[in-house]
Amino acid sequence: MPELPEVETVRRGLDRLVVGRRVGRVEVGRERVVRRTSPEALIHGLTGTTILAANRRGKYLLLPLDSGDELMVHLRMSGQLLVARAGTPRPAHTHVVMHLDPAGEQPGVGRGKQRGGQPGDQPGDEVWFVDPRTFGEVVVFDPGNVAVELPELAAMGPDPISEGLSLAQLRGIVRSRSRQLKPMLLDQHVIAGIGNIYADEILHRARLRPGRLSDSLSPAAERRLHSAIHEILGEAIMAGGSTLGDAQYLDLFGDNGSYQDDHKVYGRGGERCLTCATSWLRTTQYAQRTTVYCANCQR
DNA sequence: AAACAAACCTGTGCGC
DNA sequence: TGCGCACAGGTTTGTT
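Since this is a predicted model, take the numbers as computed values, not measurements.

Caption draft 1: Geometry of the overall build of chain A. Along its length, chain A carries 8 helices and 10 strands. Its C-alpha radius of gyration of 21 Å places chain A within 12% of the 19 Å reference for a compact globule of 299 residues. Projected onto its principal axes, the C-alpha positions of chain A cover 65 × 35 × 35 Å. The proportion of buried residues among the 299 residues of chain A is 51%. Counted over contacts in chain A with a minimum sequence separation of 6, partners at least 24 positions apart contribute 70%. For chain A, the computed accessible surface area is about 13000 Å², with 49% contributed by carbon and sulfur atoms.

This is the structure we're talking about:
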């Protein structure tokens with residue numbers, strides 16, 4: 001489900017509510033979501049640690065811990081990260097639960113107000129990892145050994161938001177290979193964070209067809225692609241991401257995004273193009289993914 | 001090097 | 001109402 005804007009929205013929620021908090025008890029339900037290591041490794045790696053930051057690279061959430069290890073969460077297609085007061089009934093498919101000590105108990109590290117009560121005088125919060133399809137995963141890894149423990153991180157392309165992607169950089173990327181633009185945008189080794197929704201929206205904004213070869217762009221077209229990547233991702237983050245009809249994507253607090261209301265092509269196959277108002281949007285396939293584009297606007 | 005297919009799972013919506 | 005099929009935001013792996 002979630003692409004860069006959705007993961008970024010979750011990251012901001014973690015930054016507000018989870019960073020600076022100490023992890024108490026950890027529960028693991030289905031082992032599949034900790035398949036990279038084991039339930040014991042996750043529980044041992046998290047229990048008693050304090051979360052120092054909430055970072056994101058592409059669709060990966062990376063939370064450094066005061067132990068020196070790092071927590072990685074990937075939502076894949078149907079994963080959600082939600083916070084709730086301890087004791088709140090959990091939804092189906094809740095596979096990992098992290099109990100957070102009450103806020104304000106950590107001297108020195110706390111971000112929120114030090115609310116001066118005794119530890120334990122209020123229920124702590126819980127962070128839930130919920131994932132019906134169990135494609136997502138949760139792992140504690142050693143960042144000093146990332147090439148072995150999370151090799152895909154080391155091989156990932158630049159993240160346009162968290163790391164930046166200059167026009168010169170994008171020119172280097174598109175000219176150094178001859179790839180169809182849609183599969184290229186989806187390839188996390190090339191640029192990190194773009195998925196099926198935003199690839200289509202970016203190409204429509206840039207007025208480029210999904211099948212155009214990356215090394216066939218004019219300098220002006222390269223500029224349009226560069227601008228579109230930043231504009232679309234930026235607007236989507238401002239809107240809190242896209243929540244589709246099935247409401248699978250919700251942020252940390254259970255709220256939906258609103259960028260779905262601004263989609264110009266995704267999910268609109270067969271409709272008239274909103275931009276040119278003359279052509280009908282075509283649905284086709286690239287990289288085994290449904291792709292919608294306007295043959296009039298996009299060349 | 002790049003394109004393609006299948007695989008990993010569960011839920012939902014649609015046609016019959 | 002019930003059943004079967006197609007399809008879904010992602011990524012990896014193995015083949016052409």
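Caption draft 2: Representation of the packing of helix α5 (residues 167–175) against helix α8 (residues 219–238) within the structure. Close contact between α5 and α8 brings their axes to 10 Å; oriented N to C, the two are set at 115 degrees. When the axes of α5 and α8 are compared, the crossing they make is right-handed. Contact residues: Leu-167, Leu-170, Arg-171, Val-174 and Arg-175 in α5; Pro-219, Glu-222, Arg-223, Leu-225, His-226 and Ile-229 in α8. Class assignment for the residues of the contact of α5 with α8 results in 6 nonpolar, 1 polar and 4 charged.

Caption draft 3: Fine view of the sheet that holds strand β3 (residues 60–64). Across the sheet, which stays open at both edges, the 4 strands sit in the order β2-β3-β4-β8 with antiparallel pairing between neighbours. For this open sheet the edge positions go to β2 (55–57) and β8 (137–141), each flanked by a neighbour on one side alone. Sheet twist, expressed as the average angle between the axes of neighbouring strands with direction ignored, equals 25 degrees. Across 5 bridges, the pairing between β3 and strand β4 (residues 70–74) is antiparallel. Residue pairing across strands places Leu-62 opposite Met-72, the latter belonging to β4.

Caption draft 4: Inspection of the sheet that holds strand β6 (residues 94–100) at higher detail. Ordered in space as β1-β6-β7-β5, the 4 strands form an open sheet in which the pairing is antiparallel. Of all the strands in the sheet, the pair left with one neighbour each is β1 (23–28) and β5 (80–85). Looking at each pair of strands side by side, their axes are set apart by 20 degrees on average, direction ignored. In terms of strand pairing, β6 meets strand β7 (residues 125–130) through 5 bridges, oriented antiparallel.

Rules behind the numbers
Residues numbered from 1 in each chain as written. Chains lettered and ligands numbered in written order. Predicted model: local features only at pLDDT ≥ 70, side-chain atom pairs only at ≥ 80, totals over all residues. Heavy atoms only, no water. Helix = DSSP H or I, 4+ residues; strand = E, 2+ residues; numbered from the N terminus. Rg over C-alpha atoms; globule rule 2.2 N^0.38 Å. Buried < 20%, exposed > 50% of the residue type's maximum accessible area, 1.4 Å probe, protein only. Contact = heavy atoms within 4.5 Å. Areas by Shrake-Rupley, 256 points an atom, 1.4 Å probe, with all protein chains shown as cover. Axes fitted to C-alpha atoms, helices over the stretch in contact; angles between N-to-C directions. Left-handed = near helix turned anticlockwise from the far one by under 90°. Nonpolar A, V, L, I, M, F, W, Y, C, P; charged D, E, K, R; others polar. Pairing = 2+ DSSP bridges.

Read these as spatial facts, not as claims about activity.
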